[in-house]
Protein chains: 2
Amino acid sequence: MKPIPSYSTFARIFTLGALLVLGVQAHAGDPLPSWNDGPAKQAIVAFVKVTTDKASPQFVPKAERIATFDQDGTLWVEHPIYSQVMYCLDRVPAVVKAKPELANVEPFKTVMSGNREAIAKLPEGELMKIVAATLTGMPVETFNAEVKKWIAEAKDPRWKKPYTQLTYQPMQEVLKYLRANGYKTYIVTGGGQDFVRVYSEAIYGIPPEQVVGTAGGTTYGYDKNGKPFLTKEPKLLLNDNNAGKPEGIHLIIGRRPVAAFGNSTGDQQMLEYTKAGDGARLAMLVLHDDAKREYAYGPAQGLPDSRVGTFTQALYDEAQKQGWTVISIKNDWKRIFAFE
Amino acid sequence: MKPIPSYSTFARIFTLGALLVLGVQAHAGDPLPSWNDGPAKQAIVAFVKVTTDKASPQFVPKAERIATFDQDGTLWVEHPIYSQVMYCLDRVPAVVKAKPELANVEPFKTVMSGNREAIAKLPEGELMKIVAATLTGMPVETFNAEVKKWIAEAKDPRWKKPYTQLTYQPMQEVLKYLRANGYKTYIVTGGGQDFVRVYSEAIYGIPPEQVVGTAGGTTYGYDKNGKPFLTKEPKLLLNDNNAGKPEGIHLIIGRRPVAAFGNSTGDQQMLEYTKAGDGARLAMLVLHDDAKREYAYGPAQGLPDSRVGTFTQALYDEAQKQGWTVISIKNDWKRIFAFE
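Presented here is an overview of the structure given in this document. (Residues numbered from 1 in each chain as written. Chains lettered and ligands numbered in written order. Predicted model: local features only at pLDDT ≥ 70, side-chain atom pairs only at ≥ 80, totals over all residues. Heavy atoms only, no water.)

A word on the interface of chain B and chain A
It is common to give the size of an interface as the accessible area lost on bringing the parts into contact.
Okay, step 1: Residue-level contacts link 37 residues of chain B with 37 residues of chain A.
Okay, step 2: Across the pair B:E141 and A:R256 runs a salt bridge, and its minimum N-O distance is 2.5 Å.
Okay, step 3: Inspection of the chain B/chain A interface yields 28 residue pairs in polar contact (both at pLDDT 80 or more).
Okay, step 4: Elements represented by at least two residues in the side of chain B that touches chain A include exactly α7 (140-153), β2 (184-192), α9 (193-204), β3 (211-222), β4 (228-238), α10 (244-252) and α11 (268-275) of chain B. (Contact = heavy atoms within 4.5 Å. Salt bridge = Lys/Arg side-chain N within 4 Å of Asp/Glu carboxyl O. Polar contact = N/O pair within 3.5 Å; in protein donor to acceptor, adjacent residues only side chain to side chain. Helix = DSSP H or I, 4+ residues; strand = E, 2+ residues; numbered from the N terminus.)

Focus on the side chain of A:E294
Residue and element names in this part refer to chain A.
Okay, step 1: Tracing the sequence through the fold places E294 in the loop between β6 (282-287) and α12 (313-322).
Okay, step 2: For the buried E294, which has no salt bridge, the nearest side chain bearing the opposite charge is R158, at an N-O separation of 7.0 Å.
Okay, step 3: At 2.5 Å, the side chain of E294 and the side chain of Y168 are in polar contact.
Okay, step 4: Looking at E294, its side chain comes within polar contact range of the side chain of H288, at 2.8 Å. (Buried < 20%, exposed > 50% of the residue type's maximum accessible area, 1.4 Å probe, protein only. Lys, Arg positive; Asp, Glu negative; His and termini not counted.)

A closer look at the pattern of salt bridges
All names here are of chain B.
Okay, step 1: In this structure the tally under the stated criterion is 22 salt bridges over all chains.
Okay, step 2: A salt bridge links D194 to K232; the shortest N-O distance between them is 2.6 Å. Taken together, the residues span a long stretch of sequence, with D194 in helix α9 and K232 in strand β4 at a distance of 38 residues. The pair D194 / K232 is uniform in exposure class, with both members buried.

Focus on the packing of aromatic side chains
Okay, step 1: Evaluation of the coordinates by the stated rule reveals 34 aromatic pairs over all chains.
Okay, step 2: Taking the centre distance of 6.4 Å and the plane angle of 90° together, the rings of B:Y87 and B:F143 count as edge-to-face. With a gap of 56 residues between them, B:Y87 in helix α3 (residues 83-98) and B:F143 in helix α7 connect regions that are remote in the sequence. Side by side, B:Y87 and B:F143 carry an identical accessibility label, which is buried.
Okay, step 3: Here the aromatic residues A:W35, A:W159, A:Y168, A:Y295, A:W333, A:F337 and A:F339 are joined through ring pairs into a cluster of three or more.
Okay, step 4: Over the aromatic face of A:F339 sits the side chain of A:K161, whose NZ or CZ is 4.6 Å from the ring centroid.
Okay, step 5: For B:K232, the ring lying beneath its charged end belongs to B:F143, and the centroid distance is 4.4 Å. (Phe/Tyr/Trp six-rings, centres within 6.5 Å; stacked < 30°, edge-to-face > 60°. Lys NZ or Arg CZ within 6 Å of the ring centre and 35° of its normal.)

Now the structure itself:
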C-alpha cells in the first residue's frame with residue numbers, strides 16, 4: 001500500500017507549485033527585470049506590444065521583425081579599448097615571429113616593446129596597420145580557432161573577467177524579449193564580421209549568419225592535398241560604420257530593420273534608416289554616463305572623447321529631434337552585468 | 001434532444017478519419033512524392049536520416065544544418081535564357097528613354113530593334129553591359145518595385161506561364177523536406193542577389209536574408225526632404241559564380257554548408273567546399289537530360305553548350321570521382337512542375 005502523504009508533504013508540494021507559478025508569472029510580467037521603470041523600458045515594451053498584436057494598426061508580420069544591435073558599447077563594454085584591438089595587439093608577437101622584418105618597423109616595434117603608455121598613444125592609423133596585419137592572410141579556419149582560443153582566455157583588466165562576461169544584462173534581456181516575440185536579432189558592428197561571428201552564438205544567442213560587420217574578401221584555393229580552403233585577404237568589402245551600416249544591412253540582410261540600437265555617431269545612419277521605414281519603429285542609443293558602475297565618456301556629456309564609441313552633442317540633439325530614445329546607463333539600468 | 005447519428009454518419013466520419021490518417025501517413029512516409037525511387041532520392045533520404053538522428057555518429061546539430069541551392073537550372077528553368085536576362089532586356093526601352101544617347105549605341109541599338117535573332121546572338125560581354133545598365137543606378141526600393149511588377153507579369157514563351165510557376169516540383173519537395181528536418185535553406189545564385197530576393201520568399205519559402213547572389217555596392221544618401229535611401233551602384237562586391245560561391249557563402253552565411261545542390265561548372269567550388277567539411281555531406285548536380293519534358297543541353301551529354309548552366313564532361317567526371325550524386329531529370333523526376 002502506498003503511504004498517505006503527510007500534511008507537510010502536501011504543503012511542500014503546494015509551496016513548490018506556487019513558487020513555480022509565481023516564477024513564471026514574474027517572468028511573464030516583467031521580461032526586463034534589470035531595467036528601472038522609465039521612458040526607455042516603457043518605449044521597448046510599448047514597441048513590442050504594438051508590433052506583435054494582430055489587432056494593432058502597427059502590427060508587423062513575423063518575417064519582417066528584424067532588430068539590429070551595434071556591439072561595442074551597446075551590447076558589451078568597449079572602454080577603454082575595443083576587445084578586438086586587444087586581440088590584435090596580443091597577436092603581434094606571432095605576426096612578428098612569422099615576419100621578423102616587422103620587429104623594427106612601427107607600429108610593431110612599439111607593441112613589441114611592451115610599453116603600455118606608448119601603445120595607448122598609437123594613433124588610429126597605426127592601430128589599423130596592426131588590425132590589417134593580424135586579421136588577414138590566414139586561412140579562415142585557423143583564424144576562427146585563434147579567436148576562439150583568445151576569447152576563452154583573455155580578461156578585461158578592470159573586472160578581471162573574460163570579455164564575454166562583460167555583456168550588458170539589460171541588453172541581453174532585450175535580445176531575449178524581442179526573440180520571444182518573433183524578432184530576428186542581428187548584430188551590426190563596426191568590428192570584424194569574422195571576429196564577432198566566432199562567439200556571437202555562445203554569448204548572445206545570435207548565430208554567425210546574423211552578424212553583419214566590417215568584412216574583408218576571402219580567396220578560395222586548394223592545399224597540397226587538393227582540399228579547398230578560404231584565405232582571408234586584406235581587401236575591404238564592407239566598412240560597417242556610419243553609412244556602411246545601412247549598406248551592410250542591405251547586403252547581408254536585404255530588409256530594413258524595424259528596431260535598431262547603437263551608442264555612437266557610427267550608428268546614426270543605421271538609426272535613421274530604420275526610422276525612415278513605415279509604421280512603428282524603435283531607435284535607441286545607449287549613453288555611457290555611469291562613471292562608477294561602468295564608464296562615463298563622450299562629448300555629449302562634456303567629457304573628453306575617447307578612442308571608443310563617440311557620442312557627440314550633435315548626435316544627442318539629433319536623437320531628441322528624431323524621437324530616438326536615449327538609454328541612460330546610470331538611470332535606466334538596475335544592474336549592468338549578470339555577475340553583479 | 002440530439003438526434004442519434006445513423007450508421008451511415010458513423011461510417012462517413014470513420015472513412016473521413018481514415019482518409020485523414022492515411023493522408024498524413026502517406027506524407028510522412030514519402031516526403032518526396034515527385035521523385036522516382038532511385039539513387040538520387042535514396043541519397044537525399046539517407047542523408048537527412050543520418051544527420052538528424054541523435055543516435056547517429058553523423059548527427060549534425062540543428063544550428064549547423066545549412067543547405068545551399070543554386071537557382072537557375074537547379075530550382076527553376078534556365079533554358080534558353082535566364083529570366084533575369086529577360087528582365088534586363090525588357091528594361092532596355094525605359095533605360096534608353098532615360099538616356100536617349102544610348103539608342104544608337106550597341107548593344108542597346110540591337111535590343112531596341114526588336115530583332116530576336118540578332119538579340120539572341122549578342123555576345124556575353126554585350127549582355128553584361130545591358131545587365132549593368134539596367135540593374136544599377138536606381139534607388140533600391142524602386143528596383144524592388146520594378147522587379148516585383150515584372151515577375152508578376154512576365155511569361156516564359158514555351159509554357160506561357162509566369163516564370164514563378166516554372167520551379168521544379170521535386171526540388172520544392174527537397175526544400176520543404178530539409179526545412180521540416182531543421183535545415184536552413186539558402187539560395188546561392190550567380191544571379192543578382194537583389195533580384196532574387198524580391199520573389200524568393202513567395203516562390204520558395206526562402207526569405208531575402210537567405211539569398212546569396214552576385215551583389216553590387218549601394219550608396220547611402222538623402223532625398224530632398226532629408227529622407228535616407230540606398231542607391232544601387234555599378235561597383236561589384238561579389239561575383240557569386242565558381243570560386244565566388246564559397247566566398248559568398250563565407251561573407252553572407254559564415255558557415256560551411258552541409259548539403260549543396262547545383263547544375264553547372266559554376267557550382268563546382270560550392271560542392272567541393274561543402275564536401276570538404278567533416279561528417280556526412282550531400283552534394284548533388286541536376287543534369288538536364290530530358291529534351292521532351294524540359295530541355296537537354298550541355299557538353300556532358302555530347303550536346304552543344306548553351307548560354308545557360310554549362311555541365312561539362314569534366315564536371316561529370318569530377319562528380320563520379322568525388323561521390324557527388326547526379327540527378328537525371330529524365331529518370332529521377334516523376335513530374336517536373338506543380339501544374340502538370
